Amino acid sequence: MARLSSRMGWLSVRYPIYTLNDRLEQFKALNLAFDPGTSIRFNDFFVPYIESSTDRGGAYALGCITEFQRGPQLQFLKRLAQGRLSEMGGSGFVDMDHLIRLLDFGRAAPEIWASMPQASKEWVEGFVAGLNAVQAKRGRGVDEKFLAIRPEPYTPLDILLFGRLAGADVNWPIYFSLIEHRLSGDFVHWWNLLRRVGAGVSTSFESPPSHRPSVAQQIGDFLTSISRSGSNSIVLHGTRTQSGRPLMVNDPHLGQHLPNVWMMVGLRTPSYRCVGLMFPGVPILGLGRNTNLAWGGTNLRAASSDLVRLGSQTEALTTPQISRIRVRFSWARQRKLRYSPHGPVLTDCPALGRLCGPDHLALRWAGHWPTDEITSFLSAMKADTVAQLQAAMAGVGVTPLNVLGADTQGNIGHVLAATLPKRPGFPEDDWVLPEDTAQAHWSIQVCAKDFPSVINPAAGFIVSANNRPSEVTGLGFLFNGDDRVMRARTLFNAQHRFCPKTLLELQLDVTSPLAARLSRELADFCRAWISTSEQQVFCNSIDLWQGAYTADSFSALQFEFLLTALVRELSAVRHAGRMPGLMDQWAYLTDCLMEDLEALSDAQKKSVIPRSVDEANRLAQHWQLWGNLHKIRLRHVLGHVPLLGKLFSSKSFPAAGSRETLMKNAHSLIRGFDETSYGSQSRHLSDLSDPDENYFVLLGGQDGWVGSQLMSDQIPLWQTRQSIQMPLSATRIQQLFHHRVGGLE
């Protein structure tokens with residue numbers, strides 16, 4: 001038993017520890033009525049492989065196992081998407097709930113459901129029936145009891161709600177962080193600089209370490225953790241592989257927490273014979289492999305939203321609604337919701353409204369259009385060729401994706417999957433549009449079939465890493481840099497043919513070419529202003545460093561602490577000690593830091609540089625190795641509760657990698673001990689020469705039940721670069737998935 005108690009009776013937690021056999025017996029004890037011809041097999045990591053003689057039977061079984069393994073997570077996500085956090089956490093979440101209700105994730109769900117093809121509806125209905133069959137029989141989890149969650153039945157509209165939550169615009173965290181600075185005198189300067197350098201995981205104008213994040217920033221950070229704002233996806237043509245058939249790897253970058261945001265699933269039904277990863281509650285495989293095709297992707301970072309400044313006439317026509325927000329430990333609150341012709345009026349939320357002066361801003365979001373991502377991905381799951389995959393993506397609205405694929409005929413390809421307004425461009429001095437401009441842009445939609453696509457490029461490989469795609473007018477303006485793409489291309493150019501093992505090594509690479517370049521530039525720059533031998537040794541060390549963020553690197557520490565010291569000094573000189581958050585972004589550091597340092601006067605350089613080098617050297621000597629400072633600790637949502645948090649967290653372990661390495665473990669400017677919470681958290685590799693050569697691993701585990709050993713049992717695999725085979729042939733499935741529930745008849 002895991003237990004913590006105190007003299008205060010309410011502060012006690014007790015929960016049992018469950019093994020694989022325990023969880024299998026609990027599932028069997030539900031006595032679920034599976035359709036004839038349906039069974040679920042499990043491997044030793046509790047990963048399910050569903051076999052059914054009908055599609056509906058397979059969808060029902062998928063719903064059953066999803067709710068059994070991830071029910072508490074789904075109930076939490078449902079309340080998040082509906083703006084009901086206050087029911088779980090109390091009055092501190094009222095403004096956040098108000099903002100979420102204004103975002104209105106479920107707004108398009110009724111229209112999507114009404115127009116969805118019958119086959120897709122039947123799949124969703126079967127999935128919902130499975131969810132509800134388990135939800136009605138299982139007990140409440142520890143986390144549900146702690147958060148006062150009483151499980152509720154699901155509807156098809158809830159499934160569409162989960163899909164829209166997963167499709168949250170990656171730009172919202174940036175918009176929410178910047179909105180309070182839009183009226184400041186230096187906004188235009190920083191806004192244009194942001195457009196020049198791009199954006200990382202998050203961007204704000206000012207983020208002192210002691211500053212409590214605003215409500216807008218908090219919701220933006222949470223949405224970042226569940227949306228694929230960063231990822232790698234790579235396909236190799238057969239001319240670049242040892243087998244002569246394509247290879248594919250996917251490495252989604254998301255929040256690193258428990259349970260993992262992905263589930264691993266295998267399916268064998270009349271229509272679907274595939275393996276891959278699914279977002280809990282959305283019954284499609286976002287990346288994976290079927291007999292003839294492998295697919296995956298990365299966030300396109302397209303601008304699927306615009307903020308619109310409402311005129312007084314439009315504002316007068318908006319009809320307010322009153323929303324009642326239930327609050328745990330307190331009385332209910334009432335909040336105003338208004339919807340204009342351009343979308344919800346976000347500034348009705350006090351967290352934003354008080355920051356915007358007289359302006360009333362509405363949100364235009366492509367997620368409010370009735371696009372049908374479930375049907376698109378169900379089509380992709382049974383596609384045979386890259387061309388069919390690309391055609392299926394025409395129905396995708398949000399999240400905008402770079403979708404890559406490879407087929408057994410030898411083709412590889414890339415398509416931009418998004419439904420966006422047809423824009424001629426973006427304003428240079430603001431991202432808020434006047435009404436007439438917004439109406440003109442959003443009156444016409446464009447989708448995947450309107451964007452350029454690629455099949456079988458001459459290079460023999462395709463790499464997507466959230467970098468700016470081929471130029472498409474009006475696509476977006478805040479893309480990641482080319483650091484990861486540059487590194488992958490360098491490695492591909494150094495070797496002609498790859499096998500799965502060598503491609504996995506590339507996937508796990510932790511070297512940053514831009515870090516290596518910047519460290520050399522800083523070493524040369526600093527040498528002119530230092531005087532001691534110790535300072536000289538420091539500069540020599542970062543000069544020789546090759547940009548490898550291995551856990552045992554000392555030079556990575558020196559470089560990172562020097563960046564922090566220099567940015568702090570620049571902030572003191574240029575901004576009176578106030579640090580614009582953009583100066584924490586990798587794109588700024590690699591594109592603008594040297595320029596700003598060179599602009600300092602000689603007197604300033606003589607003061608700033610030696611002091612920064614000494615500070616960086618002192619801290620690096622203290623920590624010794626990158627992995628001593630930079631660690632991963634996976635936390636459940638309850639892991640952030642004071643005093644009790646350790647009961648719901650994994651042990652920490654050293655984290656190689658950095659912000660923009662192929663194996664990403666993101667961080668801000670390093671000020672001391674750092675536990676990364678965003679980066680690589682799942683891996684996929686498929687060899688198209690063999691239907692059984694598909695491998696996946698989760699940072700964490702398959703199960704989401706508090707107390708289950710299977711919530712974190714894949715961490716040792718992750719650390720030792722191992723993975724779980726997900727075959728497609730019946731014989732191999734029976735060998736690896738030998739725990740069986742139900743029976744085929």
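Residues numbered from 1 in each chain as written. Predicted model: local features only at pLDDT ≥ 70, side-chain atom pairs only at ≥ 80, totals over all residues. Heavy atoms only, no water.

Examining the overall build of the protein chain
Put simply, the test is: By definition, any uninterrupted DSSP run of H or I lasting at least four residues is a helix, any uninterrupted run of E lasting at least two residues is a strand, and each is numbered from the N terminus. The globule rule used for comparison is 2.2 Å times the number of residues to the exponent 0.38, while the radius of gyration itself is calculated over C-alpha atoms. Think of it in three bands: with a 1.4 Å probe and only protein chains considered, a residue is buried below 20% of the maximum accessible area for its type, exposed above 50%, and partly exposed in between. The method behind every accessible area is Shrake-Rupley, applied with a 1.4 Å probe, and residues are considered shielded solely by the protein chains displayed. When charges are tallied, Lys and Arg are placed among the positive residues and Asp and Glu among the negative ones, while His and the ends of the chain are skipped. Positions of charges follow a simple convention, taking NZ of Lys, CZ of Arg, CG of Asp or CD of Glu.
The secondary structure content of the protein chain amounts to 27 helices and 30 strands. In summary, the protein chain has a C-alpha radius of gyration of 26 Å against a globular reference of 27 Å for 745 residues, a match within 12%. Overall size of the protein chain, expressed as C-alpha extent along the three principal axes, is 85 × 65 × 65 Å. Per-residue burial over the protein chain gives 63% buried out of 745 residues. Accessible area of the protein chain: about 26,800 Å², with a carbon and sulfur share of 51%. The centroid of the 73 positive side-chain charges in the protein chain is displaced by 5 Å from the centroid of its 68 negative side-chain charges.

Focus: the sheet that holds strand β25 (residues 674-676)
The condition that has to hold: Paired strands, in this sense, are two strands between which DSSP finds at least two bridges.
Pairing is mixed across the open sheet formed by 3 strands, whose spatial order is β24-β23-β25. Strands with a single pairing partner mark the edges of an open sheet, and in this sheet they are β24 (653-654) and β25. Inspection of the sheet shows strand β23 (residues 630-632) paired to β24 by 2 bridges, in the antiparallel sense. Residue pairing in the sheet places Ile632 in a bridge with Phe653 of β24.

Here we look at the nonpolar core
This is how the line gets drawn: Here, the term nonpolar core denotes a set of buried Ala, Val, Leu, Ile, Met, Phe, Trp, Tyr and Cys residues that are joined through side-chain atoms within 4.5 Å. Whether two residues touch is decided by their heavy atoms; if any such pair falls within 4.5 Å, the residues are in contact.
If you look at the biggest cluster of nonpolar residues, it comprises 192 residues, and the most contacted ones within it are Phe27, Met393, Leu522 and Phe559. Here this core takes 12 residues from helix α2 (residues 55-81), the largest share from any one element. Residues within four places of Phe27 in sequence aside, it is in contact with Leu32, Phe34, Ile40, Phe42, Cys64, Ile65, Phe68 and Val741. One finds Leu236, Leu247, Phe492 and Leu503 within the second-largest nonpolar core, a separate group that totals 15 residues.

Section: the environment of Ser519
Just so we agree on the cut-off: Definition of a polar contact: a pair of N or O atoms within 3.5 Å, with one able to donate and the other able to accept a hydrogen when the atoms are protein atoms, and with sequence-neighbouring residues admitted only if both atoms are side-chain atoms.
Locating Ser519 in the fold gives a position in helix α19 (residues 513-527). Residue classification places Ser519 among the buried positions, given a relative accessible area of 0%. Each C-alpha atom, one on Ser519 and one on Ser658, is 14 Å from the other, the two residues being 139 residues apart in sequence. Sequence-distant contacts of Ser519, that is, excluding residues within four places in its chain, are made with Ile542, Trp545 and Phe559. A polar atom in the side chain of Ser519 sits 3.1 Å from the backbone oxygen of Ile542.

Some remarks on the state of the cysteines
In protein structure, a disulfide is the covalent linkage between the sulfur atoms of two cysteines. Quick reminder of the rule: Count a disulfide wherever a pair of cysteine sulfur atoms falls within 2.5 Å.
Inspection of the entire model under this criterion finds 0 disulfides. You can see Cys539 has no disulfide; the closest cysteine sulfur is in Cys526, sitting 5.0 Å from it. When its relative accessible area of 0% is taken as the criterion, Cys539 is described as buried.

Considerations on helix α18 (residues 500-507)
In an α-helix, one turn spans 3.6 residues; hence positions three or four apart end up facing the same way. Defined as follows: Note that the arc is defined by the directions from the helix axis to the C-beta atoms.
For α18, every residue scored as buried is listed here: Thr502, Leu503, Leu506 and Gln507. Down the axis of α18, the smallest arc covering the buried residues is 150 degrees, so these residues share one side.

Digging into empty space enclosed by the protein
The gaps of empty space that remain are located by a probe, the size of a water molecule, rolled over the atoms. The following threshold applies: Buriedness for pockets is judged along seven lines, at least five of which must meet protein on both sides within 12 Å for an open set on the 1 Å grid over protein atoms alone, while cavities are sets there where a 1.4 Å probe fits but cannot get out, and lining residues have an atom within 4 Å of a point. Grid points are joined across faces, edges and corners, and a volume is the space filled by probe spheres set on the points. Residue polarity follows a fixed list, in which Ala, Val, Leu, Ile, Met, Phe, Trp, Tyr, Cys and Pro are nonpolar, Asp, Glu, Lys and Arg are charged, and the others, Gly among them, are polar.
Using the criterion set out here, one finds 4 cavities of 30 Å³ or more in the structure. Taken together, Tyr175, Trp191, Arg195, Asp306, Phe426, Pro427, Asp430, Trp431, Leu433 and Phe477 form the lining of the second largest cavity. Class assignment of the residues belonging to the lining of the second largest cavity gives a composition of 7 nonpolar, no polar and 3 charged.

Topic: the packing of helix α20 (residues 533-544) against helix α21 (residues 555-574)
Here is the rule we go by: All axes are obtained by fitting lines to C-alpha atoms, using only the stretch in contact for helices, and the reported angles, taken between N-to-C directions, cover 0 to 180 degrees. For classification purposes, angles smaller than 35 degrees are called roughly parallel, those larger than 145 roughly antiparallel, those between 65 and 115 roughly perpendicular, and all remaining angles oblique.
Interhelical geometry of α20 versus α21 gives an angle of 110 degrees and a closest axis separation of 9 Å. When the axis of α20 is compared with that of α21, the two are roughly perpendicular. Residues Phe538, Ser541 and Ile542 of α20 form the contact with α21, whose own contacting residues are Ser555, Gln558, Phe559 and Leu562. The class makeup of the residues in the contact of α20 with α21 is 4 nonpolar, 3 polar and no charged.

Some thoughts on the pattern of salt bridges
Rules: The salt bridge definition used is simple: a Lys or Arg side-chain nitrogen within 4 Å of an Asp or Glu carboxyl oxygen.
Overall, the coordinates contain 27 salt bridges when judged by the stated rule. Where Arg611 meets Glu569, a salt bridge forms, and the shortest distance between an N and an O atom there is 2.9 Å. Note that Arg611 is positioned in helix α24 (residues 602-623) and Glu569 in helix α21, a separation of 42 residues in sequence. Of the residues examined, Glu569 reaches a relative accessible area of 12% and is grouped as buried. Arg635 serves as the salt-bridge partner of Glu675, at 2.9 Å between the closest nitrogen and oxygen. Taken together, the residues Glu675 in strand β25 and Arg635 in the loop between β23 and β24 connect sequence positions 40 residues apart. Look at Glu675 and you get partly exposed, because its relative accessible area is 24%. The network of salt bridges with common partners includes Lys78, Arg79, Arg84, Glu87, Glu152 and Asp158.

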